[in-house]
Each structure stands twice: as C-alpha cells, then as structure tokens.
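Architecture and fold: a report
Listed below, chain by chain, are the residues.
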Amino acid sequence: YGGLGLDFSYSIAVAEELGSIRCGGIPLAIGVQAGMATPALTRFGSDELKKQFLAPTIAGDLVACVGISEVGAGSDVANIKTRAVRKGDEYVINGGKMWITSGCQADWMCLLANTSEGPPHQNKSLICLPMNLPGIQVAKKIDKMGLRSSDTAQIFFEDVRVPSKNLIGEEGKGFMYQMVQFQEERLWLVAIVLNSLETLLQDTIAYTKERHLFAKPLLHNQAVHFRLAELDTKLELLRSLLYRTVALYVEGNDATTFASMAKLTAGRLAREVTDSCLQFWGGMGFSSEVLVSRLYRDLRLASIGGGSDETMLSIICKSMGILPSK
C-alpha cells in the first residue's frame with residue numbers, strides 16, 4: 001500500500017528524530033497520521049478499504065484523524081456516546097467528537113462508535129469516515145495553550161450515512177482494536193518527548209554557560225549542573241524503558257504495561273524537565289522567544305493526551321494485581 005514494510009521499531013526511530021523539531025505540534029500531527037489513525041486499518045481493514053484510505057494516506061495525499069474522545073469520554077473510552085446504527089448497507093451516525101487532532105483539515109476519520117446495545121467493551125466498532133459527507137460539522141477550531149501549529153477540532157455528526165463496507169474488521173471489535181493501537185500511540189509519544197527534552201537540556205546547558213551571575217557562569221553553580229545531570233539520567237532511564245518495550249512489542253508480546261509505564265514517565269518527566277529548565281532561564285524563559293517556553297506549553301499534553309497519567313496508573317495497578325482487571 002505504499003509503505004516500506006518495516007517493523008514498528010523503525011517508526012520509533014522516526015518519532016525520535018521528529019522530536020528534534022523545535023515544537024510539539026508538527027511531530028504530533030505526523031504521529032496522528034502514521035501511528036494513530038492508520039494502525040487499525042492496516043491490521044484489520046479490508047483490501048478495498050486499504051486501497052481507498054490507507055494508500056493515499058501513506059502517500060500524503062489524504063490527511064487522517066482519529067475520532068475517539070468526546071466531551072464526556074476522554075481517557076474513559078468505554079463511555080463514548082456516538083452511535084452508528086446499521087440500516088441496510090449503511091451506518092447512520094449521530095453524536096460528536098472532541099479534541100480531534102487535524103480535525104479541521106482531515107479528509108477522513110478513523111471513527112470509534114457504538115454499533116450495538118451490548119456491553120461497553122463489546123459494542124464498539126471502527127469505521128473509515130470520509131469527512132466530506134453531509135451531516136458532518138466541524139464546529140470549531142479549539143484555541144489551545146500549546147501545540148498551536150496543530151489544529152484541534154470539535155466535530156458533530158447528524159444522520160451521517162456511510163457505507164457499511166467502511167467497517168474496519170469485525171463489528172463489535174472496535175474497542176479491542178483501539179486498545180492495541182494505543183500501545184503504538186503511547187510509545188510514539190514517548191519517543192517524541194525524549195528528543196524534545198534532550199534538545200531542551202542542551203539548549204539550557206549552552207544558555208547557563210553564557211549567562212553570568214555573581215561573576216561566574218550560572219552553570220558553574222552546583223545546584224544547576226547537578227540538577228541537569230539528574231534530569232539527563234532520568235531521560236536515559238526512560239530511553240532504556242522505551243527500547244525494551246519496543247523490542248518486546250516487535251517480538252509479538254503484549255507490551256501494554258510497559259508502554260503505560262513509559263507513557264506515565266514521559267508525561268511526568270516532560271513536566272519536570274521543562275519546569276526546571278525554565279527556572280534556570282529566569283525571566284527569559286518566561287518569554288515567548290525561547291524553546292523552553294514553547295516546550296513548557298507543548299509537552300504538557302503528554303500527561304493528558306493518549307490516556308492520562310491516572311489512566312496509565314490504573315493499567316499498571318491492574319497488571320500488579322492491585323485492581324481487578326475488569
């Protein structure tokens with residue numbers, strides 16, 4: 001379908017490099033296209049759907065988005081309310097989606113919707129939804145504190161009719177398909193955060209070498225260089241966890257627990273590194289002219305998007321036997 005046919009470790013290598021871009025919005029937008037909206041279609045979609053949606057998305061001719069979150073269901077995916085009712089050879093879709101990355105410009109959406117009245121983990125399906133159909137309203141572009149180069153939309157559906165052949169895989173398996181996809185999404189996010197934070201540390205080292213305070217470079221204060229060394233150590237620990245998790249995943253193992261641990265750590269470390277570095281930049285760090293200010297805002301989403309810190313902790317607790325698995 002136009003891809004290189006490489007395993008997931010290559011996607012992580014790409015994500016790491018994208019993390020060198022001096023903002024979070026562009027890597028996020030590419031990540032949605034490559035690692036969030038398309039994995040389920042790649043694994044479970046029909047050949048016809050792949051030719052219609054996957055191939056042009058890989059080629060860059062179509063922009064994709066993923067429609068999971070709703071106003072009352074962000075990390076709680078099982079609680080979504082959007083419905084797709086089967087009528088003949090069509091699904092009729094009603095509801096809405098919130099916080100949809102690339103939603104203002106997307107050509108199609110990988111939509112998660114309730115397709116039956118069954119249990120919440122067994123009544124959902126994924127559907128390839130062209131975004132130019134009657135009844136789809138992109139209500140607004142959301143004004144965000146960060147990631148401002150990546151558009152985020154609120155979208156409503158009113159009696160939207162889509163062919164039933166646009167179903168990805170089997171009806172009722174959408175929740176499970178999405179859970180598999182979340183492993184890749186979360187690992188992609190970790191990889192982006194790693195290089196972003198590494199770049200920020202190097203920028204901060206350079207700045208504190210040049211900035212003199214009380215007749216010596218700021219970096220020569222033990223409190224500063226010890227703190228930067230601690231943060232760099234934590235980054236390398238996260239990198240090791242990422243590589244171990246990716247290796248397990250590529251070998252065909254369920255890496256949900258380790259992916260959740262990595263995602264949790266990445267979000268919290270992003271907050272810790274950006275906050276500490278901003279402090280060392282002083283008043284300059286509070287301006288919009290420097291990278292630390294942008295990453296302080298952009299990377300804050302790492303503890304929220306793709307499953308909040310609290311969701312990651314719940315997954316980890318279940319794997320430890322602290323909480324019931326269902």
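It should be emphasised that the depicted structure is a prediction, and the values quoted were computed from it without experimental measurement. (Residues numbered from 1 in each chain as written. Predicted model: local features only at pLDDT ≥ 70, side-chain atom pairs only at ≥ 80, totals over all residues. Heavy atoms only, no water.)

This part covers the environment of Leu187. With respect to the helices and strands, Leu187 occurs in helix α5 (residues 174-210). What makes Leu187 buried here is its relative accessible area of 0%. Separated by 40 residues in the primary sequence, Leu187 and Leu147 have C-alpha atoms spaced 19 Å apart. For Leu187, the residues in contact, after removing those within four places along its chain, are Phe8, Ile12, Leu242, Thr245, Val246 and Ala259. (Helix = DSSP H or I, 4+ residues; strand = E, 2+ residues; numbered from the N terminus. Buried < 20%, exposed > 50% of the residue type's maximum accessible area, 1.4 Å probe, protein only. Contact = heavy atoms within 4.5 Å.)

The terminal C-alpha atoms of α5 lie 54 Å apart, and with 37 residues this matches the ideal 54 Å at 1.5 Å per residue to within 8%. Where α5 bends most, the angle comes to about 25°, and this point is Gln181. By the criterion of burial, α5 is predominantly enclosed, with 29 of the 37 residues buried. (Expected span 1.5 Å × (residues − 1). Bend = angle between axes of the 7 residues up to and from the residue.)

On to the pattern of salt bridges. A side chain of one charge can pair with a side chain of the opposite charge when the charged atoms of the two come close. One pass over the full model with this rule turns up 16 salt bridges. When the shortest N-O distance is used, the salt bridge between Glu184 and Arg43 registers 2.5 Å. One end of the pair, Glu184, is in helix α5; the other, Arg43, is in helix α3 (residues 39-44), and 141 residues separate them in sequence. The salt bridge partner of Glu272 is Arg227, with a shortest N-O separation of 2.8 Å. Taken together, the positions of Glu272 in helix α7 (residues 256-281) and Arg227 in helix α6 (residues 222-250) put the pair 45 residues apart, joining distant regions of the chain. Each of Arg227, Glu230, Lys234 and Glu272 takes part in a single network of salt bridges with overlapping partners. (Salt bridge = Lys/Arg side-chain N within 4 Å of Asp/Glu carboxyl O.)

What follows concerns the packing of aromatic side chains. Using the criterion set out here, one finds four aromatic pairs in the structure. Summarising the aromatic geometry, the rings of Phe44 and Tyr177 are spaced 3.9 Å apart at their centres and angled 15° between planes, so their arrangement reads as stacked. Taken together, the residues Phe44 in helix α3 and Tyr177 in helix α5 connect sequence positions 133 residues apart. By relative accessible area, which is 30% here, Phe44 ends up partly exposed. Relative accessible area serves as the criterion here: at 9%, Tyr177 is assigned to the buried category. Taking the centre distance of 5.2 Å and the plane angle of 50° together, the rings of Phe53 and Trp108 count as tilted. Here the residue Phe53 occupies a position in helix α4 (residues 47-59), and Trp108 occupies one in strand β4 (residues 108-114), the gap between them amounting to 55 residues. Look at Phe53 and you get buried, because its relative accessible area is 3%. A cation over an aromatic ring shows up here: Arg86 above the ring of Tyr91, its NZ or CZ 5.5 Å from the ring centre. Over the ring of Phe182 we find Arg186, and its NZ or CZ is 4.5 Å from the ring centre. (Phe/Tyr/Trp six-rings, centres within 6.5 Å; stacked < 30°, edge-to-face > 60°. Lys NZ or Arg CZ within 6 Å of the ring centre and 35° of its normal.)

Purely spatial values, then, with no claim about function.
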